[in-house]
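The residues making up each chain are set out below.
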Amino acid sequence: MPRSKKFRRARLIVIVLVVLLVAGAGYGGYRGVAAVRASFPEVDGTVKLAGLSAPVDVKRDANGIPQLYADTSEDLFRAQGYVQAQDRFWEMDVRRHITAGRLSEMFGDSQVETDAMIRTMGWRQVAQKEFDTVLSADTKKNLQAYADGVNAWLAEHPGGSSASLEYGLLGVVNGDYEPEQWTPVDSVSWLKAMAWDLSGNLQEEIDRSLLAQDFSPEKIDELYPDYPFARNGTIVKTGTVNGTAYKPADGSTPAGGGTGTTGTGTGTAQGAAATKAVLKDVTDRIDALPEMLGRNGQGIGSNSWVVAGSHTTTGKPLLANDPHLGPGLPSVWYQMGLHCRTVSPTCQYDVSGFTFAGMPGVVIGHNKDIAWGLTNLGADVTDLFLEKVTGPETYLVDGKEERFELRKETIKVAGGEDRTITVRTTATGAPLISDPSTEQQNVGKYAPNGTSAPDRGTGGYGVALQWAALIPGKTMDAVFALDRAKGWEDFRKAAADFAVPAQNLIYADAKNIGYQAPGYIPVRGEGKGRYPAPGWDSAYQWKKDPVPFSALPWSLNPASGYIVTANQAVVDPSYKYALTSDWEYGTRAKEITDQIEARLKNNGKISPDDMQEMQLDNTSILAKTLVPMLLKVEIDDPYVREAQDLLKDWNYHQDADSAAAAYYNGVWRQLLTLAFGQKFPADLRAEGNCLLVRQQADPTKPDSKSKIVTECGTRDPGRAQPDGGDRWTEVVRQQLEKPDSSWWTYIDSQHKEQKGLDNLLREAMTNARQELTSLLTKDITTWSWGRLHKLELRERTLGSDDSSIASGAVRKLLNRGPYRLSGGSAAVDAAGWNAAAGYQVDWIPSMRMVIDLNDLDASRWVNVGGASGHAFHENYNDQTDVWLKGDLLTWAYSPDAVEKATKHKLTLTNG
C-alpha cells in the first residue's frame, strides 16, 4: 500500500536526524552520542526491581552474556524479563506486534496486508487460548513473573530514545507511539512465529500445484524425487509400532515417555491442477510476511549430532548443534544462564543456553544433568484446502452448505485510517487465507481438473489453511520441563508436550545419548498432503486425533554410538504413520556420518575439537560427481577453458578465498537456470529475472505456433525456484544419469533450442564465465567465492531493505557487513544462497555450540551478532568475527567459572 504523506515527510526528518547523529562533530555530535548511550543497560551496581523476594545477581562476561542467580523460580524469571528488556526490548516489542498482527500501529499502512494475513491466521488468539486453557499453573506463574520483570524495566524507559535508538527514529515518524505493558501471551505468541517459519512443506504444496499448469505428474515427480534411503539413511533405524507404542529397532532400552498428541495435514492429487491465480495470490501473501527465523520452508535446517562417551576422548558424550536460520541483527538467539543458588522445589532451575528475547526459559542448551539440541523435523503439519465458496458466509462440504465462523478484525494504522477485515474460518478451524485485506471477498478464478470438482461459480474457490500451530498446545510447558529435566525419563516427558514446531530432539547425559521425535503431527484422511485438498469432500479432513506421542520414533544408546540429525528422513517408509514426504535429502547428514565414521575407524576417538571442525566442513558433495563431467566437456573457446581449468585440482571445498568454488557455483547456477528455470512458470522464478523461454502453441488456435519469448519472473527472489538447495542436488544427481533427459533441452544465448547434457554443461560453463567476469573481473586469478557469496547482517525492522520509513542512512547505521563467507547451501557449513536469485547468503548457522558432558565448563558456544540489541553497544556485533573464523567462545557454567569470567555485576533488589 502507498505510504501516507505524513510518513513520507517524516521519513525525510529521520534522514536529517541520522545525519546529525552520525556527524559526530562538536557539541551536536556529543549530544547525539549521549542520546544513544542513554539507552544502554546498567550492568554494574544495584537496581531496584519490585516484587523480588531476595536479591538477584546478574553477572555478565566480556561479551555481555548474562548469568542470573536467584533464590526462587519467580525471582529468576522476573529478573530474566528485566535483563532481556535491557538488551532487546525494541526487538521484543516488534516481535509481539508481528505475532499480534499489529505492525501497522508502529509502521503505518505499508504493513496492513501483513497484519491482515496474521490476523486471519489468528496467532494471537491461539496463544491466548493456550494461556487460558492448556498451560500449567507453574508455567503461567513463570510467564507472569517474566512479564513483571519486563514491565519493571519499561516503567523506567517509557519510550523514546531512552529505550533505544530505534524508538528515537520511530518517534520522529510516529510520535504518538508508546509501548504497552508486556503480557504473558506476548511471550507465548512467539511460538507461533517459530512454528510458521519451521512449518514444513507449505511452499512445496503450492509450488507443485503451480508447476501442474505446465508439467505432467510424472515430470513433477522428477523435481521432487523419492528420498535416497539406501544412500543417505535415516536418523534412527525404523522400529515398529505395536498399538500406539513405538519399539526401536536398534536395541535401545525401553524408557518411560508420557502421553501426548502430535499432528495436522492433508492433501490430494486432484488439487495438483488447482487455480494458478488463487495459489499465486496466497504465495504473494506468504512472501509479504516478516521473516522471523528465515525463509519459510526453505533453507530452514540445522545440524546436530551426539557421540557416546565410549567414542570420545573425554570419556563422556559430546553434543553439537548449529541451527540454520535467516541472518539478522540482533541475532534471533540470546545466550543466557538461569541459576538457582540452591536447586529445590521453590527454585528448580540451573540451566544455560540459547533462548529467544521475549520468551522465558532456555530453548537449547544444558543443565547440570542433561544437554539437548534441536533440528527441524520438517513434519508436514500444514495443508491447503480448496473451498467451494457459495456466498459471503457459506461454503460447500459433501454437497451441503456449511457456514463459516466469522469474526471482524480492526487494524489500527499509524498516520492513516483504521481498516476492518472479516476473517472466515471453516468448521475444522482452518482460516480462509485467500481472502484479501478488505471485506470484499474475491477468491479463485479457475477450477481444478477432475470431474468430481464442483463448478467454481461466481465466487470461485477459496484457500483455507489447516495448521497444527492453530491448535492450542503445551510447547511452553515443554520448554520449562526441558530446562529442569534430570534424565532421559524427564526429557521424554517434556518432549511429549513439545507440540509445534515439530523438532528432532537429541539428548545426552553423563552416560547416555538419545533421540526423540516430538510434535503435533496430523493423521490425514484421504490424500497425502502433497497438493491442495478438496475441502468440499470431508474424506480429506484430518482425523480428530494426531499421531500419538507414544508412537513417535525414539532411540536410546544405539549400537552405532552416535546419532546424527540434519533434517534427513527420521524413518523409512515402513513406519506406520506418515510424517512427511518432503524431507531434506540427507546430503549434510551423510557427510557428518561419514566424518564420524572416518574418525572412529581403527578405534579412533572424537574430541571436542573434532566436533567443532566438523561444523565447518564446507565440502560440496555434488561437485564430486559433477566436476569430473565438466572437465570432460570439450571447450574450444580459450576464454572459457581458462575458467574450466580452475576445476582441475579443486578439492571441492567452498572456501571464501577459492576461485574454483566461485566458478563451480557459477556453473551450478547456470545449469539450474538452463535445465529448469527456463521451463518454469513465471510465478516460480525470481522477480525481475527475465529469461528466454519457449511459449507453447495455443491448442485452441489452429494457426498458433510455439515461439521463443522473453518472460520475467514474478516471485520474491528469496523464494524463487530452482533455489539450488538439497532437493536440487538430488534432482540433478538423478538426471545426470540420463544424458538424453528432456530436462537437458534448453534455449541458448542465440535464441536457439539445443539438446543434450554435454551441450548444456558447455553452455553453463560459458555463461558462468561471462557472469563472473561481469560480477568480479576478467582476471580469474582475482576470483574468490567470498566476493560473490556475501553476508549482510541487517537489523530486522528499520534496517531492512523494504522498511517503509527508514532511509539508506538509517540502514547503514543499524546494519553490519558485508562479510565474505565460505560454505554453501547443501554443505555442513550451510551458508545458503538461492541460485535462482544470485549469490547473496540467505541463511547461516545462526549459532554453534559443542557441549562436553565430562566438563560443562569446557563447553563452547558462539552467536552471530552479540548479546545486545543496541546498535552502538560493544556487544551488538562482537561475536560475528569469532563466528566468521569458525572459533567458539568458552561457555562458563559452574559458579566458579562464571565468577572468573565476570566483567560486570549488577544486583537487582526489591524496591
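Please read all numbers here as calculations on a predicted model, not as lab measurements.

Caption draft 1: The arrangement of the side chain of Thr565 in detail. Considering the arrangement of structural elements, one finds Thr565 in strand E22 (residues 562-565). Judged by its relative accessible area of 0%, Thr565 is buried. Within the structure, the side chain of Thr565 is placed 2.6 Å from the side chain of Ser304, a separation counted as a polar contact.

Caption draft 2: Highlighting the packing of helix H20 (residues 659-675) against helix H21 (residues 726-735). Closest axis-to-axis distance for the H20/H21 pair is 12 Å, and the angle between their directions is 70 degrees. What the angle tells us is that H20 and H21 run roughly perpendicular. Facing H20, whose interface residues are Trp668, Leu671 and Leu672, H21 presents Trp728, Thr729 and Val732. Residue composition of the contact of H20 with H21, grouped by class: 5 nonpolar, 1 polar and no charged.

Caption draft 3: Inspection of the state of the cysteines at higher detail. For the structure on display, the rule yields 2 disulfides. The disulfide partner of Cys340 is Cys347, and the S-S distance across this bridge is 2.0 Å. Judged by the sign of its S-S torsion, about -85 degrees, the bond between Cys340 and Cys347 is left-handed. Judged by its relative accessible area of 0%, Cys347 falls in the buried class. Note on cysteine connectivity: Cys690 is disulfide-linked to Cys712, with sulfurs 1.8 Å apart. The sign of the 100 degrees torsion about the S-S bond sets the Cys690-Cys712 disulfide as right-handed. Placement of Cys690 in strand E23 (residues 690-695) and of Cys712 in strand E24 (residues 707-712) is noted, with a sequence separation of 22 residues between them. Each bonded cysteine in the chain gets a number by its place in the sequence, and the pairs come out as 1-2, 3-4.

Caption draft 4: Examining the sheet that holds strand E19 (residues 513-516) more closely. Taken in spatial order, the 11 strands make up an open sheet running E1-E34-E2-E3-E8-E9-E10-E11-E18-E19-E21, and their pairing is mixed. The outermost strands of the open sheet, each flanked by one partner alone, are strand E1 (45-48) and strand E21 (554-556). Within the sheet, the average angular offset between the axes of one strand and its neighbour, ignoring direction, is 15 degrees. Both strand E8 (residues 334-340) and strand E9 (residues 350-355) contribute to a ladder of 6 bridges, which runs antiparallel. When the sheet's bridge partners are listed, His339 is paired in E9 with Asp350. On top of the sheet, helix H3 (residues 73-100) reaches E1, strand E2 (56-60), strand E3 (66-70), E8, E9 and strand E34 (904-909); it is set at about 155 degrees to E8, its chief contact.

Caption draft 5: Looking closely at the environment of Leu646. Within the secondary structure layout, Leu646 lies in the loop between helix H19 (638-644) and H20. Between the alpha carbons of Leu646 and Leu631 there is a distance of 9.8 Å; along the sequence they are 15 residues apart. Leave out the neighbours within four places in its chain, and Leu646 touches Ala659, Ala660, Tyr663, Ile780 and Trp783.

Caption draft 6: Spatial organisation of the pattern of salt bridges. Per the stated rule, a full pass over the model turns up 39 salt bridges. The partner of Asp207 in a salt bridge is Arg715, with the nearest N and O atoms 2.8 Å apart. With Asp207 in helix H10 (residues 202-211) and Arg715 in the loop between E24 and H21, this pair connects stretches of sequence that are 508 residues apart. The residues Asp207 and Arg715 share a single accessibility class, namely buried. Here Arg860 ties to Asp609 by a salt bridge, and the two come within 2.9 Å at their closest N and O atoms. Residue Arg860 is located in strand E32 (residues 860-863), and its partner Asp609 is located in helix H17 (residues 608-615); the two are separated by 251 residues in the primary sequence.

Caption draft 7: Representation of a negative patch on the surface in the model. On the surface, a cluster of negative charge is contributed by Glu634, Asp636, Asp637 and Asp758. For Asp637, a relative accessible area of 36% puts it in the partly exposed group.

Caption draft 8: Seen up close, the packing of aromatic side chains. On inspection of all chains with the given rule, the structure shows 39 aromatic pairs. Following the ring pairs from residue to residue traces out a cluster consisting of Phe89, Trp90, Phe107, Trp153, Tyr167, Tyr177 and Trp182. When the ring centre of Tyr531 is taken as origin, the NZ or CZ atom of Arg208, which lies over that ring, is 5.9 Å away.

Rules behind the numbers
Residues numbered from 1 in each chain as written. Predicted model: local features only at pLDDT ≥ 70, side-chain atom pairs only at ≥ 80, totals over all residues. Heavy atoms only, no water. Helix = DSSP H or I, 4+ residues; strand = E, 2+ residues; numbered from the N terminus. Buried < 20%, exposed > 50% of the residue type's maximum accessible area, 1.4 Å probe, protein only. Polar contact = N/O pair within 3.5 Å; in protein donor to acceptor, adjacent residues only side chain to side chain. Axes fitted to C-alpha atoms, helices over the stretch in contact; angles between N-to-C directions. Parallel < 35°, antiparallel > 145°, perpendicular 65-115°, else oblique. Contact = heavy atoms within 4.5 Å. Nonpolar A, V, L, I, M, F, W, Y, C, P; charged D, E, K, R; others polar. Disulfide = S-S within 2.5 Å. Pairing = 2+ DSSP bridges. Salt bridge = Lys/Arg side-chain N within 4 Å of Asp/Glu carboxyl O. Patch = residues over 30% accessible without salt bridge, like charges linked within 9 Å, V, L, I, M, F, W, Y side chains within 5 Å. Areas by Shrake-Rupley, 256 points an atom, 1.4 Å probe, with all protein chains shown as cover. Lys, Arg positive; Asp, Glu negative; His and termini not counted. Charge placed at Lys NZ, Arg CZ, Asp CG, Glu CD. Phe/Tyr/Trp six-rings, centres within 6.5 Å; stacked < 30°, edge-to-face > 60°. Lys NZ or Arg CZ within 6 Å of the ring centre and 35° of its normal.

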